[in-house]
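Geometric and topological summary
The chain contents come next:
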Amino acid sequence: MDPQTPDQARQSGERRTRRLQKLRLNGPDPEPEFDRIAGIAASLTQAPLAMVNFINADQQMFRGMYVPPSSPDGDGDGDGRPISFDLSDLPAEIPREAPINYGFCPHVVAQGSQLALDDVFAYPRFKGNPLVNEMGVRAYLGTPLRDHTGMILGTLCVADMKPRQWGTARKESMQQLAETLLSEFRLRDSLLAQQQEMFAIFDRAPFPIMLTEGPEHLLRYANAKQGTAFGRVRQLSPGRQVLSALDAVGVFNAMDHAYRTGQTMTLPEAQVTSFDSLMPQVFTFTCTPVRLSPSAPISGVLTVAMNITDQPSSDTEPRQFAQDFKHQLENLSPGNTGWPQPGQGDESSVFLR
């Protein structure tokens, strides 16, 4: 039996989702570092399938994966001899994500310890799993993937299409390999702290600003003026849902356009009843696409609002501010892998201040 009750499992899943969002790991996008670790895991265990699997409350995301070529010329063991695997049971292309009830990795996360199945058919609890029926997996070895705070984020796992004895040495090697990723998670947190220091410079800007991530516009950062004018909402909330007044006047449509096209989009005049005024105010919104580094794909949108109720409309100042902000974000650190965070450690804290 897994040591968690259903309510405990749900709460753990929610905490894990928030942590993965903060580390920018809450999606199936592959990363070379994790693919490399999966390849090392396959080599250490001589298994035909290896994955670095992050698991949130709803799905599994294989950001690292290794499947060898079907030709025996493609790989070798430590002595250079070719290894031939029967991959006939595997799909032509293995997807990078799976439902939460698929396979054995969720059991590893739930029990918080390594799971070694030498022959899945010997375990009634596991032999009916979709991973067995759809991919022909008969042996599995999964190791919890912990970050430097101790939270389990997912698994490092290998699988075989035939029964096998994993053995003590391979189990220990997998434990040690999983621990090498601690430095990766620590680096991501360090970059987040650097970005937070940068954002402190902009926090007292006299106009509302917010930074969102992805096509759902998850709210990542906002200054004090944003919260005062348009409301206080929780960290990582979907912007369109929690800032309905801005959605109603077309702000999120402009953000959609900026995210999709990579072009700055301006909403010249939008009347909004802001929280800091009894009368409707007229704002101009400048939506600028941003990247985590100059060569990276578009990751989010920086939106700067300017109250023009009692002054002529001009987007020069917010455009210049947005460009300065964007350039500092992109050039903060080479190989930047994470988004800035609003606070330190308090997952329940109010995000837009």
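Our subject is the structure listed above.
For every chain, the first residue of the written sequence is number 1, and numbering continues from 1 along that sequence. The predicted nature of this model means local features are confined to residues of pLDDT at least 70 and side-chain atom pairs, given and counted, to a pLDDT of 80 or more, with totals for whole chains, interfaces and linings taken over all residues. Hydrogen atoms and water are omitted, and side-chain values are computed over all heavy atoms in the structure.

1. With respect to the overall build of the chain
Runs of E in the DSSP output that reach at least two residues are strands. Runs of H or I that reach at least four are helices, and both are numbered from the N terminus. Counting secondary structure elements, the chain contains 11 helices and 11 strands. Exposure is judged per residue with a 1.4 Å probe applied to protein chains only, and the accessible area is read against the type maximum: over 50% gives exposed, under 20% gives buried, and values in between give partly exposed. The proportion of buried residues among the 353 residues of the chain is 50%. Working rule for contacts: check all heavy atoms of both residues, and any pair within 4.5 Å makes them a contact. Of the contacts made within the chain by residues no fewer than 6 positions apart, 63% connect residues no fewer than 24 positions apart. For the chain, the accessible surface area stands at approximately 16,300 Å², while carbon and sulfur atoms represent 50% of it. Accessibility throughout is a Shrake-Rupley quantity obtained with a 1.4 Å probe, and a residue counts as covered only by protein chains that appear here.

2. Quick word on the sheet that holds strand β8 (residues 218-222)
The criterion for strand pairing is that DSSP finds at least two bridges linking the strands in question. Judged by pairing direction, the sheet is antiparallel, and its five strands sit side by side in the order β8-β7-β11-β10-β9 without closing on themselves. Single-partner strands in this sheet number two, and they are β8 and β9 (265-272). For this sheet, the mean inter-axis angle between neighbouring strands, taken without regard to orientation, is 25°. For strand β7 (residues 209-213) and β8, the ladder comprises four bridges, and the chain directions are antiparallel. Bridge pairing in β8 places Leu 211 opposite Tyr 221. Its contacts with the sheet put helix α10 (residues 251-261) on β7, β9, β10 (281-291) and β11 (298-307), and the angle it makes with β11 is roughly 140°. Only the contacting stretch of a helix is used when fitting its axis, a line to C-alpha atoms as for every element, and angles between N-to-C directions run 0 to 180 degrees.

3. So, the pairing of strand β2 (residues 59-66)
Burial analysis of β2 places seven of its eight residues in the buried class, the great majority of the element. Bridge count for strand β1 (residues 49-55) against β2 is six bridges, and the pairing is antiparallel. Of the residues in β2, the one forming a bridge with Asn 53 is Phe 62. In terms of strand pairing, β2 meets strand β3 (residues 97-99) through three bridges, oriented antiparallel. Opposite Gln 59, over in β3, you have Pro 99 as the bridge partner.

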